[in-house]
Amino acid sequence: MVRAEIAATGVVQGVGFRPFVYRLAKRHGLVGFVRNMGDAGVQIVVEGEKKKITKFIAAIRAEKPPLARVDDVKIKWSRATGEFTMFSVVKSEKAGLGLTSVVPPDIALCDDCKREMFDPADRRHLYPFITCVNCGPRYTIIEELPYDRPRTSMKVFPLCADCTREYRDPADRRYHAEPTCCSICGPKLELYDKDGERMDVADPTSETAKLLDDGNVIAIKGIGGIHVAAKTTDDNVVARIRKAFNRPQQPFATMSKDLKTIKKFAKINTLEEKLLTSYKRPIVALQKSSNCMLSELVSPGIDSVGVMLPYSGIHHLILHYGKDPAYIMTSANVSGLPMLIENDEAIRNLKGKVDYFLLHDRKIVNRCDDSVVKIVDGAPAFFRRSRGHVPDPVKLAFKSREKILALGAELNDTISILIDNNCFVSQHIGDATKVETLEYMHETAGRLMNLLGLKKVDVIAHDMHPLYATTTLATKMARRMKARTVAVQHHHAHLAALMAERGLDELVGIAGDGVGYGSDGTVWGGEVMVADLKSFERVGGL
Ligand SMILES: [Zn+2]
Ligand SMILES: [Zn+2]
């Protein structure tokens, strides 16, 4: 008899990995345990016949749960100790494996949960926070690792007896599903009027749908933040939002019930259909059809409209009751500030701008705007890479010897952390010209480092512009962490990002990005560069 101590890394927490390993070990007649580790990895210790263990390890890779990604499996063999009589899921360990793993992004409601939610015989009938091991919020509710309920914003909702039974039953789909809950023990939705007074309604989601169809503008708290929602078929309603939020031109994202309904106002090709229905559920920019019945004011002056399918129980229910073909679902934020996530700040900031508030009592830990994708030349291109993708890394073609934190420039910022060949790009942060957004950037850097098990980085990269607030922040953080700073020329950074994304090591590129601080101390505009990852030659510009 032998013993194998196995370290599995990748996306292995929050994706049903422990229940999967448990079943696999049982099937192979092995004893031992599986547990989550403090750096998002999973440790498995098994004892049994070597042949069986080898098959078990092969099956970990071959049969992994659909949402898991197994990057690496490290094995340490030794003689069996005989200390186990069975296989079990044991308490998580704060310590890490010393390898890079990552928590999963948020996952759209799965088909099984959706079926149960609309089944009158199910005990979660019409309960919007229904979830299981295969779906639901992850990144947006995680405070700390290892991923267990007490370290998520579900910690204030102790499981009821029925939920506990499911959570402990290895045969159940909710075995160790950390955010699981029901109407008895889980979060609740409440509807509030324009003054923030709680309304006494029997069913907040059907009431919300009715109010939307009547032309009201409603702030709706979802998974990663708060949306401003309204019907799309009434010019006056859309015009009201544009005026109240001072967004004269920016296209509004919309949400529609299903593909059949979307096809009534927009064209969908196979690739777009795949994106729309993926568990990441991004907003996809679709071409409007010739008989599009949505108000021209939804995306004024352009021939496309951003559409997503519902991704949480809250959205599914509202769209189930609603009659409009699509509803505006645009991030609720005021004048360039981060999207609102707290109930009281939403009421305070949106008073006078919306007619009602549909809010719930689960805290959003990591704010995450919707991702926006458009098919360009037959491949998806991101306008915004956020919910559903973060914190999944972008894999680079090279490895970095040092750990690097990169802050954005001034506008439309994200931050990135580079470990080996994994580039962890944060959710959309916004314009760091505002002090609140800069604070949010600082906080996001800290949270992401924490989730990646980093106490410090070696290098902080920032824009070359000496007067950007992000440059000051980089200097401040570098001093605290005793890290080096590296100033990067703005247009070169854009081209380097392209090279990293496409696995190139040099290119001739045009960075048509308006203003950026040049390496000669003057302001540069659109630049033509011959560049590699380290350096560039400016061969033309505006
Ligand atoms: Zn589910
Ligand atoms: Zn319950």
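Residues numbered from 1 in each chain as written. Chains lettered and ligands numbered in written order. Predicted model: local features only at pLDDT ≥ 70, side-chain atom pairs only at ≥ 80, totals over all residues. Heavy atoms only, no water.

A. Representation of the overall build of the protein. Assigned secondary structure in the protein consists of 13 helices and 25 strands. Relative to the globule expectation of 24 Å for 542 residues, the C-alpha radius of gyration of the protein, 24 Å, shows essentially globular dimensions. Taking the principal axes of its C-alpha atoms as reference, the protein extends roughly 70 × 65 × 45 Å. Restricting the contact set of the protein to residue pairs at least 6 apart, pairs at least 24 apart contribute 67%. (Helix = DSSP H or I, 4+ residues; strand = E, 2+ residues; numbered from the N terminus. Rg over C-alpha atoms; globule rule 2.2 N^0.38 Å. Contact = heavy atoms within 4.5 Å.)

B. Representation of the coordination of the zinc ion (ligand 2) within the structure. With distances of 2.3 Å, the protein atoms coordinating the zinc ion (ligand 2) are Cys-160 (SG), Cys-163 (SG), Cys-182 (SG) and Cys-185 (SG). One way to put it: the four donor atoms around the zinc ion (ligand 2) meet at angles of 103 to 117 degrees, and that makes the site tetrahedral. Each donor residue of the zinc ion (ligand 2) lies on one chain, and together they are spaced C-x2-C-x18-C-x2-C. In this pair, Cys-160 is assigned in the loop between helix 3 (111-117) and helix 4 (161-168) and Cys-185 in the loop between helix 4 and strand 6 (189-192), connecting sequence segments 25 residues apart. Relative accessible area serves as the criterion here: at 9%, Cys-185 is assigned to the buried category. (Donors = N, O, S within 2.8 Å, 3.2 Å for Na, K, Ca; no water. Tetrahedral: all angles 85-135°; square planar, octahedral: opposite > 155°, others 65-115°. Buried < 20%, exposed > 50% of the residue type's maximum accessible area, 1.4 Å probe, protein only.)

C. Inspection of the environment of His-176 at higher detail. The topology assignment puts His-176 in the loop between helix 4 and strand 6. Along the backbone, His-176 and Pro-19 are 157 residues apart, and their C-alpha atoms lie at a distance of 7.0 Å.

D. Up close: the packing of helix 5 (residues 204-213) against helix 9 (residues 313-321). Contact geometry of helix 5 with helix 9 gives a least axis separation of 8 Å together with a crossing angle of 55 degrees. In terms of orientation, helix 5 and helix 9 fall into the oblique class. By crossing handedness, the relation of helix 5 to helix 9 is classed as right-handed. Here helix 5 contributes Thr-205, Ser-206, Thr-208, Ala-209 and Leu-212 to the contact with helix 9, which in turn contributes Ile-314, Leu-317, Ile-318 and Tyr-321. Of the residues assigned to the contact of helix 5 with helix 9, the class counts are six nonpolar, three polar and no charged. (Axes fitted to C-alpha atoms, helices over the stretch in contact; angles between N-to-C directions. Parallel < 35°, antiparallel > 145°, perpendicular 65-115°, else oblique. Left-handed = near helix turned anticlockwise from the far one by under 90°. Nonpolar A, V, L, I, M, F, W, Y, C, P; charged D, E, K, R; others polar.)

E. Main features of a nonpolar patch on the surface. Taken together, Val-508, Val-530 and Val-539 make up a surface patch of nonpolar side chains, about 260 Å² in accessible area. Considering the arrangement of structural elements, one finds Val-539 in strand 25 (residues 536-541). (Patch = residues over 30% accessible without salt bridge, like charges linked within 9 Å, V, L, I, M, F, W, Y side chains within 5 Å. Areas by Shrake-Rupley, 256 points an atom, 1.4 Å probe, with all protein chains shown as cover. Salt bridge = Lys/Arg side-chain N within 4 Å of Asp/Glu carboxyl O.)

F. Summary view of the layout of surface pockets. Approximately 320 Å³ is the volume attributed to the second largest pocket. In terms of lining, the second largest pocket is formed by 17 residues, of which the most central are Pro-338, Glu-345, Arg-367, Glu-436 and Tyr-440. Among the secondary structure elements, those contributing two or more residues to the lining of the second largest pocket are helix 10 (343-350) and helix 11 (435-451). Here the lining of the second largest pocket gets five residues from one element, more than from any other, and that element is helix 11. Partitioning the lining of the second largest pocket into residue classes produces eight nonpolar, one polar and eight charged. (1 Å grid on protein atoms, 1.4 Å probe; cavity = no way out; pocket = protein on both sides within 12 Å on 5 of 7 lines; lining within 4 Å. Points joined across faces, edges and corners; volume = space filled by probe spheres on them.)

G. Examining the sheet that holds strand 18 (residues 416-425) more closely. Reading across from one edge, 18-17-19-20 is the order of the four strands in this open sheet, with mixed pairing throughout. The open sheet has two edge strands with one neighbour each: strand 18 and strand 20 (484-488). Neighbouring strand axes in the sheet, compared pairwise and without regard to direction, differ in orientation by 60 degrees on average. Relative to strand 20, strand 19 (residues 459-463) runs parallel, the two being bridged by five bridges. By the bridge assignment for strand 20, Ala-461 is matched with Val-486. (Pairing = 2+ DSSP bridges.)

H. Main features of the packing of aromatic side chains. The tally for this structure, following the rule as stated, stands at six aromatic pairs. Ring plane angle 50 degrees and centroid distance 5.7 Å describe the contact between Phe-17 and Phe-20, whose orientation is recorded as tilted. Taken together, the positions of Phe-17 and Phe-20, both in helix 1 (residues 17-27) and three residues apart, correspond to about one turn of that helix. This pair shows no difference in class: Phe-17 is buried, exactly as Phe-20 is. Among the aromatic residues, ring-to-ring pairing joins Tyr-22, Phe-87 and Tyr-175 into one connected group. Stacked on the ring of Trp-77, the Lys or Arg Lys-50 has its end atom at 4.4 Å from the ring centre. Against the face of Phe-252 rests Arg-242, its NZ or CZ located 3.9 Å from the ring centre. (Phe/Tyr/Trp six-rings, centres within 6.5 Å; stacked < 30°, edge-to-face > 60°. Lys NZ or Arg CZ within 6 Å of the ring centre and 35° of its normal.)

I. Molecular detail of the domain arrangement of the protein. Domain assignment breaks the protein into domain 1 (2-89) and domain 2 (385-541). A straight line from the C-alpha centre of domain 1 to that of domain 2 covers 37 Å. (Domains from an automatic or database assignment.)

J. Here's a closer look at unusual backbone geometry. The residue after Leu-145, namely Pro-146, is reached through a cis peptide bond having omega -5 degrees. Mapping Pro-146 onto the fold places it in the loop between helix 3 and helix 4. Here the amide bond leading from Val-390 into Pro-391 is cis, since omega sits at 10 degrees, within 30 degrees of zero. Along the chain, Pro-391 turns up in the loop between strand 16 (379-384) and strand 17 (394-406). Unlike most non-glycine residues, Asn-412 shows phi in positive territory, near 50 degrees. Relative to the elements of secondary structure, Asn-412 occurs in the loop between strand 17 and strand 18.

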